Amino acid sequence: MIYETAPAKINLTLDTLFKREDGYHEVEMIMTTVDLNDRLTFESRKDGKIVINVEHNFVPSDQRNLAYKAAKLMKDKYQIKEGVTISLEKSIPIAAGLAGGSSDAAATFRGLNQLWEINDTLENLSSLAAEIGSDISFCIYGKTALCKGRGEVLTHLPKPPSAWVVIAKPDIGVSTPEIYGALNLNNRHHIPTEDCQRALNDGDYELLCKSLGNSLEDVTMGLYPEVAKLKNTMKNSGVDATLMSGSGPTVYGLVQKERQAKQVYNALMGCCNEVFVVRLLG
Ligand code: C5P
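Predicted model only: the values in this text are computed from it and were never measured. (Residues numbered from 1 in each chain as written. Predicted model: local features only at pLDDT ≥ 70, side-chain atom pairs only at ≥ 80, totals over all residues.)

Per-chain confidence: the chain averages 97 in pLDDT, with 100% of residues scoring 70 or above. Complex prediction metrics read pTM 0.97 and ipTM 0.98. (pLDDT = per-residue confidence, 0-100.)

Written out as structure tokens, the structure is:
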């Protein structure tokens, strides 16, 4: 039996550059991981089947599950006869902008790489992962990276300065294609990707706070005003910086002291059901 943890990611930056001919958007984003984890176990099966066990009303256990897609791709690519039972314990909110599904898929690539004794490199797994989703290549490594292309072209970056992250998800799910579909590239704001990179290189927490930015924030907030409201509440609760992650609707805030994080948590508890206080991992 193999165990893997699948950490959630947050975007420190997300810039959308242009729409490509294949329908995806060329992006430039800095992503990092937080200590909020799904847990997966992998058990070999002799019958060759891929079986997903998950107890969650909104997570499918069939071919639509990204962990299933990852297992199928590994099985076909490396011509594996064995099957696998994947048990998935969810803690990361779903349809949230935290890459929960992508991180589960990445953990599946890593887990099956061991279980089926494929022993391929993370680099090869990361390129293979791009076939089933843009954020999975990053999640293969986790840590912190500048992600370009449609998200799969990675440059590894130093881990962020230590901080607490308060994560709050409004009680709605958001579809990434819907948000990208509503994006108007003529209304682009400047996203300070280079400042964020400098903040990471220098371990500069203040600059990191100033350099957070996400081009999709206005789009999601235009469609779902509760996200703007939550961000405002977060701002007024004493965080050093706040941003929506990915295509949303999750909003996070950064603070340096645990006491501050608890204050922010208390201020947000009435606003939504899913609020977490976690460490920035990077
Ligand atoms: O790659 P993934 O399956 O996560 O993408 C979901 C959808 O999000 C895509 O079908 C596309 O509509 C949108 N997307 C995009 N540009 C990206 C990543 C995702 O337009 N760089």
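Alright, that's what it looks like, and here's the rest.
With that settled, consider the pairing of strand 9 (residues 241–244). The pairing of strand 9 with strand 10 (residues 251–255) spans four bridges and is classified as antiparallel. Residue methionine 244 lies in a different strand from strand 10, and its bridge partner there is valine 251. Hairpin geometry of strand 9 and strand 10 is characterised by an intervening segment of six residues between the two adjacent antiparallel strands and by a positive phi of about 55° at glycine 246. (Pairing = 2+ DSSP bridges. Helix = DSSP H or I, 4+ residues; strand = E, 2+ residues; numbered from the N terminus.)

Domain assignment breaks the chain into domain 1 (2–156) and domain 2 (164–279). The straight-line distance from the C-alpha centre of domain 1 to that of domain 2 is 23 Å. Listed per partner, the contact involves 24 residues of domain 1 and 31 residues of domain 2. Going through the elements one at a time, strand 1 (2–19), strand 2 (25–45) and strand 5 (144–148) are the ones with two or more residues in the side of domain 1 that touches domain 2. The element best represented in the side of domain 1 that touches domain 2 is strand 1, accounting for nine residues. Considering only residue class, the side of domain 1 that touches domain 2 consists of 14 nonpolar, six polar and four charged. (Domains from an automatic or database assignment. Contact = placed C-beta atoms within 7 Å. Nonpolar A, V, L, I, M, F, W, Y, C, P; charged D, E, K, R; others polar.)

Once that is clear, we can look at helix 10 (residues 258–268). By the burial criterion, the buried members of helix 10 are Ala261, Val264 and Leu268. Buried residues of helix 10, viewed axially, fall in a sector of 65°; they line one side. Turned more than 90 degrees off the buried face of helix 10, the exposed positions are Arg259 and Asn266. Buried residues along helix 10 sit against strand 7 (164–169), helix 9 (225–236), strand 10 and strand 11 (274–279). (Buried ≥ 20, exposed ≤ 12 C-beta atoms within 10 Å, placed from the backbone. Arc of directions from axis to C-beta.)

A few words now on the environment of glycine 101. Position of glycine 101 among the secondary structure elements: in helix 2 (residues 100–115). C-alpha of glycine 101 to C-alpha of glycine 133: the two residues are 32 residues apart in sequence and 9.6 Å apart in space.

Below, the discussion takes up the UniProt feature "binding site: ATP" (unreviewed entry) in the chain. According to UniProt, the positions carrying the feature "binding site: ATP" (unreviewed entry) are Pro93, Ile94, Ala95, Ala96, Gly97, Leu98, Ala99, Gly100, Gly101, Ser102 and Ser103. Structurally, the position occupied by proline 93 is in the loop between strand 4 (83–89) and helix 2. Those residues in contact with proline 93 that lie beyond four places of it in its chain are Leu98, Gly100, Lys169, Thr250 and Glu274. (UniProt positions renumbered as here; feature names shortened; annotations may be inferred.)

Before going further, it helps to examine the sheet that holds strand 10. One open sheet holds the four strands; their spatial order is 9-10-7-11, and the pairing between them is antiparallel. Looking at which strands have only one partner, the edges of the open sheet turn out to be strand 9 and strand 11. In this sheet, neighbouring strand axes are inclined to one another by 20° on average, regardless of whether the strands run parallel or antiparallel. The strands touched by helix 10 within the sheet are strand 7, strand 10 and strand 11, with strand 7 carrying the most contacts at an inclination of about 10°. (Axes fitted to C-alpha atoms, helices over the stretch in contact; angles between N-to-C directions.)

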